[in-house]
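These are the residues of each chain, in order.
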Amino acid sequence: PAPIIVIQGDHSYFKLADRVKILNAYYFPDGGDKSLYSTVTPVNTFRLIFNTYYGGQYPLLPDISRYLDRKNSLKEAPSTCVNTH
């Protein structure tokens with residue numbers, strides 16, 4: 001069977017909110033790329049894989065990234081994904 005390939009980074013070299021901008025690359029064979037959407041974040045990577053290829057029924061979580069600001073307060077950053085098929 002064709003492989004499923006996922007390449008992800010855990011954070012970028014930028015600071016604060018820009019730190020959540022990571023490499024998040026997928027190869028979903030056999031039409032599985034149709035399950036991807038423009039704001040997908042790593043929190044949903046394996047939920048999409050299990051749902052698309054293994055009959056899973058995992059609900060998708062909000063695509064929000066969190067980071068600590070300079071005062072160590074938890075902040076949210078919206079998805080900044082660029083989706084290219």
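No experiment lies behind these values; they were computed from the predicted model shown. (Residues numbered from 1 in each chain as written. Predicted model: local features only at pLDDT ≥ 70, side-chain atom pairs only at ≥ 80, totals over all residues. Heavy atoms only, no water.)

From N to C terminus, the protein chain includes one helix and four strands. Each helix and strand of the protein chain, ordered N terminal to C terminal, gives the series β-β-α-β-β. Looking at the protein chain as a whole, 24% of its 85 residues are labelled buried. Once local pairs closer than 6 in sequence are excluded, the contacts in the protein chain between residues at least 24 apart make up 33%. With the model as given, the accessible surface of the protein chain reaches about 6200 Å², and the carbon-plus-sulfur share is 56%. (Helix = DSSP H or I, 4+ residues; strand = E, 2+ residues; numbered from the N terminus. Buried < 20%, exposed > 50% of the residue type's maximum accessible area, 1.4 Å probe, protein only. Contact = heavy atoms within 4.5 Å. Areas by Shrake-Rupley, 256 points an atom, 1.4 Å probe, with all protein chains shown as cover.)

Next up on the list: the packing of aromatic side chains. For the structure on display, the rule yields five aromatic pairs. Consider the rings of F46 and F50, whose centres lie 6.2 Å apart with planes at 40°: the pair is tilted. Here F46 and its partner F50 are both found in helix α1 (residues 45–53), four residues apart, which amounts to about one turn of the helix. Using a relative accessible area of 35% as the deciding quantity, one classes F50 as partly exposed. Clustering of aromatic rings is evident, with ring pairs tying together F46, F50, Y54 and Y58. (Phe/Tyr/Trp six-rings, centres within 6.5 Å; stacked < 30°, edge-to-face > 60°.)

Right, let's get into α1. When we look at burial in α1, the residues that qualify are T45, L48 and I49. The buried side chains of α1 occupy one side of the element, clustering within an arc of 100° when seen end-on. At the exit of α1 stands G55, carrying a positive phi of roughly 70°. (Arc of directions from axis to C-beta.)

Attention now moves to a nonpolar patch on the surface. On the surface, I5, I7, L23 and Y27 cluster together to form a nonpolar patch covering roughly 390 Å² of accessible area. The topology assignment puts L23 in the loop between β1 (5–8) and β2 (24–27). Taking the relative accessible area as the measure of exposure, L23 reaches 54% and is therefore exposed. (Patch = residues over 30% accessible without salt bridge, like charges linked within 9 Å, V, L, I, M, F, W, Y side chains within 5 Å. Salt bridge = Lys/Arg side-chain N within 4 Å of Asp/Glu carboxyl O.)

Glancing now at the confidence of the model for the protein chain. Residues of the protein chain with pLDDT of at least 70 account for 79%, and the chain-wide mean is 82. Of all helices and strands in the protein chain, the one with the weakest mean pLDDT is strand β4 (residues 74–78) (76), whereas α1 scores best (95). (pLDDT = per-residue confidence, 0-100.)

Tracing the backbone through its elements, the reader meets L48 in helix α1. Judged by relative accessible area, L48 falls into the buried class, the value being 5%. C-alpha separation for the pair L48 and Y58, spaced ten residues apart in sequence, amounts to 8.1 Å. Residues contacting L48, with those up to four places away along its chain left out, are F28, S35, L36, Y37, V40 and L60.

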